[in-house]
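In case you want the letters, here they are:
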Amino acid sequence: MDQGTVIDLEHEAHEPVAQWELREHGPVDMVVRIQVGIVDGGWYVRHQGFGDRRFADKTAAWQAVRRLMGQHDAPWERADVDSEPFRVLCRPDGSRVLYDTHDDETLHACWGTRQDERWDAYLAALNAGETLRSTKTHALLGGTIELIEYRDPVDGTQRFAVSTAVEAGADWRVVDYRERGTADAQYEQEVRDNTDPVLPYLSSDIIDVRVSRRSRPPKGLSVSPSGEIGETEDLEYLGLLPPRKNWPRTPAAAGRPRPVCGMTARPRNWGPKEVNVQDVTPQAWRDVTDPPPNDLALAALPDGRYLLGLADDAATHVLGTRDGRRLCTVAGHAERVLSVGLTVLADGEMVLATGGQDHEARVWTTRGIEPVAELSGHRGPVNSVAWAAPPGNVPWLVTGSDDATVRVWNPVTQETRAVFEVGTPSIDLVWSVAAAVRSDGHVCVVAGIDGGSTSSTVYVWDATAGTLAHEFVFEYADPGLRTPHVAVATLADRSLRVAAAAGGVVRVWDGHTGEVVRTFAAPGSSGDGSVALAVLPDLRVAVAATGGRRTLVWDTESGAVLAELNHTAEGWRVPVDMVAQPDGALLLATGREGDTPARLLRLSPYW
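Structural notes, computed from the coordinates. The structure presented is a predicted model; accordingly, all values stated were derived computationally and were not measured. (Residues numbered from 1 in each chain as written. Predicted model: local features only at pLDDT ≥ 70, side-chain atom pairs only at ≥ 80, totals over all residues. Heavy atoms only, no water.)

## Focus: the side chain of Ser530
Moving on, step 1. Topologically, Ser530 is positioned in strand 36 (residues 530-535).
Moving on, step 2. For Ser530, a relative accessible area of 8% corresponds to the buried category.
Moving on, step 3. The residues touching Ser530, leaving out its near neighbours within four places in the chain, are His485, Ala501, Ala544, Ala545, Thr546, Val574, Pro575 and Val576. (Helix = DSSP H or I, 4+ residues; strand = E, 2+ residues; numbered from the N terminus. Buried < 20%, exposed > 50% of the residue type's maximum accessible area, 1.4 Å probe, protein only. Contact = heavy atoms within 4.5 Å.)

Following this line, the structure appears as structure tokens:
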């Protein structure tokens, strides 16, 4: 098939004949245009992302137009002939905007379905190129401004790229040029434009630019022994994770992966002799009048401390459960924050994920300056987020949205590992997701979907293999909007449990066989509250559910109530989470208006 030859239309006479543009485009793409016309020696086709090519005849040119249109998952429409949009990215001086974190008018945004493939090729070429000039930004920012000579992976021409990343992991812009002189001038302009008297450069090859080789952080910030920088008080209290591209991988499993099993015995029908329930809500929260949380999440640190993440309409907060101190607040979603998830990395550092009504999921460090990842694949509000840490890999992030999809992400590359479609966007709403690592090393993903006015469905997938394991349906007698919530937990005996609150009940299944372990009457009138699971040391599993003005915790085997908490008010969003503690106790967190930011209970069952 005729692929044509590269042509520079800015320096050749040509006559446009027709032009098309995308009618729709994704959140990380731009309106792409294709133009076809006559040029000396034949016909030409130009595409904003793939460049200009000459073809011997009209038939070959029109075949190329159809091939290019097929690179985008959206309909095309005729547009007026206009060459100006093509000059925005590929300028008359030969420079090209390859990538920009804060601007979607880039070649990267024009590559459609080949976006990842082509960008990977450019990244490899840039990494293999020669760095001709370099400026390192302040240690607090950890960025660089570089001039790189490299070979274009598409046509093999020599190019000169100016790479500007003032703050590592937060911003990045790459523009390349044909001539070294033009690139040199732009490199120096970038260095001068980003000079900061408070945060001077660590080093630079421009002699009249201020540098400070000691690169001390401003007052109130410190550098940890590992080189991490943050607020002095928080560094002392909590290890902080700076933005970085290479996260530590979860350690490999102690032994070889083992097959998943069902429950090792029938449910034990005796409950605890006694349960000591303590309200351990920090005193600092007693008089707080914050808005009720839309979502909350607990996380255990390696040193025995626990953190609570809270998402409200405007921001997400991380607090210590011991003294109630607010460690950080992150904000940046364009609309309400709907969900939050916490995970602890292999080196003991913690990151959080947030899902917003703005269709985005974001990953943050506890420094809370800028997100280290912005995940923009959903086309509806991100109602729920969850983490899983498969052995030998970076943690995976799971998100569920109103667009009827569940997505599994690599937060480092910001690419999806798997996408599960569950129905029709804006009709089949994914209200809740949960994830856990099975004994065979595979990631189990669970989702609760409102499938219409009379039913809800719980899906259980093997996300590693991309297969559906179970599908559980809740039928309703009365029509209405439902918000089914789910949880999953794995046990040391290689079994797992799945729980869901929907249709007025809380149900727990053997996650391997799909058999029902226990069914409880859900608290609250709507019956669609939140649910959480935690594993006790003797391989029993506790389930917590909240709705209306009550939160209940049960032993799933005996059905015994372990704790009951009465709230002063109800709410549409009634989040709950629960973690097991090393001594066999449970830490429960639940939020309501009037119980803000959250209530904490410590449950100690004695068998």
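## Focus on the sheet that holds strand 12 (residues 203-204)
Two orientations exist for strands paired in a sheet by backbone hydrogen bonds: parallel and antiparallel.
Moving on, step 1. If you trace the six strands from one edge of the open sheet to the other, you get 7-11-10-9-8-12, paired in antiparallel fashion. Because the sheet does not close on itself, it has two edges, and the strands there are strand 7 (96-100) and strand 12.
Moving on, step 2. As judged from the six bridges shared by strand 8 (residues 130-136) and strand 9 (residues 142-151), these two strands associate in the antiparallel manner. Counterpart to Thr135 in the pairing with strand 9 is Ile145.
Moving on, step 3. Contacting strand 7, strand 8, strand 9, strand 10 (158-167) and strand 11 (173-177), helix 3 (residues 115-128) runs over the sheet at an angle of about 95° to strand 9. (Pairing = 2+ DSSP bridges. Axes fitted to C-alpha atoms, helices over the stretch in contact; angles between N-to-C directions.)

## Thoughts on the environment of Phe86
Moving on, step 1. Looking at the element boundaries, Phe86 is found in helix 2 (residues 86-89).
Moving on, step 2. Separated by 40 residues in sequence, Phe86 and Arg46 place their C-alpha atoms 8.2 Å apart.
Moving on, step 3. Setting aside residues no more than four positions away along its own chain, Phe86 makes contact with Gln19, Arg33, Ile34, Gln35, Arg46, His47 and Gln48.

## Thoughts on the packing of aromatic side chains
Moving on, step 1. Counted by the stated rule, this structure contains 10 aromatic pairs.
Moving on, step 2. Seen from their ring centres, Phe472 and Trp509 are 4.2 Å apart, and the 5° between their planes marks the pair as stacked. On the criterion of sequence distance, the pair formed by Phe472 in strand 31 (residues 467-475) and Trp509 in strand 34 (residues 505-510) is long-range, its members being 37 residues apart.
Moving on, step 3. Judged by its relative accessible area of 11%, Phe472 is buried.
Moving on, step 4. Taking the relative accessible area as the measure of exposure, Trp509 reaches 3% and is therefore buried.
Moving on, step 5. Here the aromatic cluster, defined as three or more aromatic residues joined through ring pairs, consists of Tyr99, Trp119 and Trp172. (Phe/Tyr/Trp six-rings, centres within 6.5 Å; stacked < 30°, edge-to-face > 60°.)

## Digging into the pattern of salt bridges
Side-chain pairs of opposite charge can arise whenever the charged atoms involved come near each other.
Moving on, step 1. One pass over the full model with this rule turns up 24 salt bridges.
Moving on, step 2. Arg173 is the partner of Asp100 in a salt bridge, and the nearest nitrogen-oxygen pair spans 2.6 Å. On the criterion of sequence distance, the pair formed by Asp100 in strand 7 and Arg173 in strand 11 is long-range, its members being 73 residues apart.
Moving on, step 3. Linked through salt bridges whose partners overlap, the residues forming this network are Arg133, Arg180, Asp184, Glu188 and Asp205. (Salt bridge = Lys/Arg side-chain N within 4 Å of Asp/Glu carboxyl O.)

## Side note on helix 3
Moving on, step 1. Compared with an ideal rise of 1.5 Å per residue, which puts 14 residues at 20 Å, helix 3 spans 20 Å between its outermost C-alpha atoms and is within 8% of the ideal.
Moving on, step 2. Turning to helix 3, its buried residues are Gln115, Arg118, Trp119, Tyr122, Ala125 and Leu126. For helix 3, the arc enclosing every buried residue in end-on projection is 120°, short of the 170-degree limit, so these residues lie on one face. Of the residues in helix 3, the exposed ones pointing more than 90 degrees away from the buried face are Asn127 and Ala128.
Moving on, step 3. Where helix 3 is buried, its residues contact strand 7, strand 9, strand 10 and strand 11. (Expected span 1.5 Å × (residues − 1). Arc of directions from axis to C-beta.)

## Examining the nonpolar core
Moving on, step 1. Membership of the largest hydrophobic core comes to 30 residues, with the highest contact counts inside it found for Trp20, Ile34, Val36 and Val45.
Moving on, step 2. Looking at this core, the elements with two or more residues in it are strand 2 (14-22), strand 3 (33-39), strand 4 (42-47), helix 1 (58-69), helix 3 and strand 9.
Moving on, step 3. With six residues, the single largest contributor to this core is helix 1.
Moving on, step 4. Beyond its immediate stretch of four places on either side in the chain, Ile34 contacts Ala18, Gln19, Trp20, Val45, Arg46, His47, Val65, Leu68, Met69, Trp76 and Phe86.
Moving on, step 5. Trp396, Ala404, Val406 and Ala463 belong to the second-largest nonpolar core, a separate cluster that totals 20 residues. (Core = buried A, V, L, I, M, F, W, Y, C linked by side-chain atoms within 4.5 Å.)

## Here's the deal with helix 1
Moving on, step 1. Taking 1.5 Å as the rise per residue, helix 1 with 12 residues should run 16 Å; its terminal C-alpha atoms sit 17 Å apart, in good agreement.
Moving on, step 2. Looking only at helix 1, the buried set comprises Ala60, Ala61, Ala64, Val65, Leu68 and Met69.
Moving on, step 3. Elements that come into contact with the buried residues of helix 1 comprise strand 2, strand 3, strand 4, strand 5 (51-55) and strand 6 (76-79).
Moving on, step 4. A side-chain oxygen of the first residue of helix 1 lies 3.2 Å from the backbone nitrogen of Thr59; this N-cap is Asp57. (Polar contact = N/O pair within 3.5 Å; in protein donor to acceptor, adjacent residues only side chain to side chain.)

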